[in-house]
Every structure is written in structure tokens, then in C-alpha cells.
Amino acid sequence: MSYSTLYLLLIVLFSCNCSSMSEPQEKEKEELTGRSGLPVESGAAGNQQSCLITGLYPLLAELSSTLQSLKASLEQEQFRRKEEHNVAFSASLGNRGDVGPFNTDVTLVYQNVFVNAGSHYNTGTGIFTAPVKGVYFFSLSGHNKTTKPMGLRLFKNGSQMTIIYNYALSDAGIRYETLSNSITLMLEKGDQVSVHLLANTWVFDNTDNLTLFTGHLVFPF
Ligand SMILES: *[C@@H]1O[C@H](CO)[C@@H](O)[C@H](O)[C@H]1NC(C)=O
Ligand SMILES: *[C@@H]1O[C@H](CO)[C@@H](O)[C@H](O)[C@H]1NC(C)=O
Ligand SMILES: *[C@@H]1O[C@H](CO)[C@@H](O)[C@H](O)[C@H]1NC(C)=O
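Keep in mind the model is a prediction, meaning the values are calculated, not measured.

Rules behind the numbers
Residues numbered from 1 in each chain as written. Chains lettered and ligands numbered in written order. Predicted model: local features only at pLDDT ≥ 70, side-chain atom pairs only at ≥ 80, totals over all residues. Heavy atoms only, no water. Phe/Tyr/Trp six-rings, centres within 6.5 Å; stacked < 30°, edge-to-face > 60°. Helix = DSSP H or I, 4+ residues; strand = E, 2+ residues; numbered from the N terminus. Buried < 20%, exposed > 50% of the residue type's maximum accessible area, 1.4 Å probe, protein only. Lys NZ or Arg CZ within 6 Å of the ring centre and 35° of its normal. Pairing = 2+ DSSP bridges. Salt bridge = Lys/Arg side-chain N within 4 Å of Asp/Glu carboxyl O. pLDDT = per-residue confidence, 0-100. Contact = heavy atoms within 4.5 Å. Near = heavy atom within 4 Å. Polar contact = N/O pair within 3.5 Å; in protein donor to acceptor, adjacent residues only side chain to side chain. Areas by Shrake-Rupley, 256 points an atom, 1.4 Å probe, with all protein chains shown as cover.

**A short note on the packing of aromatic side chains**
Aromatic ring pairs are reported here in terms of the distance separating the ring centres and the angle at which the planes meet.
Alright, step 1. Taken as a whole and judged by the stated rule, the model has 10 aromatic pairs.
Alright, step 2. Ring geometry for Tyr-110 and Phe-213: centres 5.4 Å apart, planes at 40°, overall tilted. Linking Tyr-110 in the loop between strand 3 (106–107) and strand 4 (112–117) with Phe-213 in strand 12 (residues 212–220), this pair joins segments that are 103 residues apart in sequence. A single burial state applies to Tyr-110 and to Phe-213, both of which are buried.
Alright, step 3. Over the ring of Trp-202 we find Lys-148, and its NZ or CZ is 4.4 Å from the ring centre.

Have a look at this one:
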């Protein structure tokens, strides 16, 4: 409903109960006819009506400015929430072939980014940082040969939350496998989530996007 419609409604509602108000100033009359769309009639009935309108005008003007500032702060809040709550990323390792082995754990940097809404996944470090407290969903996958060990550990700050792991089986023959896992976590604002390649293991990716890391904010808490 527009403000002018609201004015009109209020005027119609209130004019029945008002009877003793002063004559409107010329300037106010003009503004009133302009804003409400009601003509300022002449004669007794008209005088009474325009007097009623004049009495209500400061009230309506105040109401209007209150509504307008309320609307502005609501829009601001909606924008802030949208910025804060639209959080999702997904990326694959990229066309790099074998990654590993290293003699210690390393944080994997998934370089082929599909989406990074809000840019909370750092494409330089591979670390996701929670922008708000909330419930978050993560999934990870990894691909390689059964003859090579593969270990991917999902960390929240300093603690392992889940792992996907395959053993090297020397008699397994050359088969390929893709492991995956997913987890939903409660994160505090500023918590960091990343995937580490377990020491002395391999992981692989090419243009097929076999090895992924994905995270979404499900809802803020
Ligand atoms: C990992 O798997 C790919 C095939 O998807 C293979 O080309 C690569 O040699 C494997 N890496 C290791 C270390 O076995
Ligand atoms: C998690 O680690 C980050 C970065 O070191 C830190 O800012 C944050 O406070 C930590 N969260 C908790 C709950 O300790
Ligand atoms: C891998 O991701 C890229 C986008 O980054 C896409 O163009 C390509 O088709 C994907 N490859 C496969 C095999 O899905």
C-alpha cells in the first residue's frame, strides 16, 4: 500500500470524528490536495473537511517519515543479512594430476572454484572461515588408485572432524576409487574449516573434478 493511499484512508476514517479545528493555511491546503488527491471544497461541509485534514496533516507527515525511516532501516538490515547469510562454496583440486605425498599433513588448496558466495572460502589457502555462528554442511571427496594410500582429513580449527581413507593394497590390481564423506557442523563466527592431505598419501584430480570440497551455511544460529 502506498503512502498516499494510507493518507486517504486515514483521512476518510478520522474525518467523521473531528469537528473543531482551525482553518488550514494556504500552503498546507496546496500540499494536502497534492498529496491526498482530495479537492479542497468550498462551503460549510468542505471547510469542515479541509479543517479536519489540516489537523491530521502534521500527524500524517510524522507517520510518513517514521514509516520511511523504518523502511530504510529494514532494507539495510535485509541487505546485511543477505550479505552475511548467503554462504556457499564448492571447488575441486583442479587439473593437477597427483598431489602428494608429503612427509607431513598439508592443507589442500582447491583451485577450481565452482562457486564462492560471500568469498569465505580462501582460494589461496584452502581455508573456509565461518562469517556467522550457524549450522554448516560440508562434503569432501577424493580419487585415486587402490594401490596407493589416500587420506583426507576435514579439520575444524585444530581438530579433525572426519576422515576418508583408503589403504594401499599391493595385490589390489589397478583399480580406481573415489571416496567421499560429509558432515554437518555447528560453527562459531571465525571458525576455520579445511581439508588436509594425510602425510605420505596421494590424491588426484584432473579436468573431471574428481576431488571436491564443498560447504554451505544451512542456517545461522
Ligand atoms: C591416482 O589416480 C589416477 C587415475 O585416476 C592415476 O592416473 C594416478 O597415477 C594415481 N596416482 C597414484 C599416485 O597412483
Ligand atoms: C578457531 O580458530 C580461529 C582462527 O585461529 C579463531 O579466530 C577462532 O576463535 C577459533 N574458534 C574457536 C571456537 O576457538
Ligand atoms: C570441471 O569443472 C569445470 C568448471 O570449472 C567444468 O567446465 C568442467 O566441465 C568440469 N568437468 C567435468 C568432467 O565435469
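Now that the structure has been shown, the text picks up again.
**What about unusual backbone geometry?**
Most peptide bonds are trans, and most residues other than glycine sit at a negative phi.
Alright, step 1. With an omega dihedral of 0°, the bond running from Gly-100 to Pro-101 counts as a cis peptide bond.
Alright, step 2. Here Pro-101 lies in the loop between strand 2 (97–99) and strand 3.

**Brief notes about the pairing of strand 1 (residues 88–92)**
Alright, step 1. Along strand 1, 4 of the 5 residues are buried, which leaves the element largely enclosed by surrounding structure.
Alright, step 2. Of the strand pairs in this sheet, strand 1 and strand 4 are connected by 5 bridges, and their pairing is antiparallel. Looking across to strand 4, one finds that Ala-88 is bridged to Ala-117.
Alright, step 3. Bridge analysis of strand 1 against strand 12 gives 5 bridges, and the strand direction is antiparallel.

**Focus on the pattern of salt bridges**
Alright, step 1. Tallying each qualifying case throughout the model produces 5 salt bridges.
Alright, step 2. Residue Glu-84 is joined to Arg-80 by a salt bridge in which the shortest nitrogen-to-oxygen separation is 3.1 Å. Of this pair, Glu-84 and Arg-80 both sit in helix 3 (residues 43–85), 4 residues apart, roughly one helical turn.
Alright, step 3. Here Asp-105 makes a salt bridge to Arg-153, at a shortest N to O gap of 2.4 Å.

**Let's talk about the confidence of the model for the chain**
Alright, step 1. Looking at the chain, pLDDT values average 83 and 76% of them are 70 or higher.
Alright, step 2. Strand 5 (residues 128–129) holds the highest mean pLDDT among the elements of the chain, 98, whereas helix 2 (residues 26–36) holds the lowest, 47.
Alright, step 3. Contacts from residues 18–24, a stretch scored under 50 in pLDDT, to residues over four places away or in other chains number 14 contacts.
Alright, step 4. Taken as a whole, residues 26–37 scores under 50 in pLDDT and shows 17 contacts with residues more than four places along the chain or in a different chain.

**What about the site of ligand 2?**
Alright, step 1. The local shell around ligand 2 consists of Asn-157, Gly-190, Asp-191 and Gln-192.
Alright, step 2. In the environment of ligand 2, an oxygen atom lies 2.6 Å from a nitrogen or oxygen atom belonging to the side chain of Asn-157.
Alright, step 3. Here ligand 2 loses 39% of its free accessible area of 360 Å² to cover by the protein chains.

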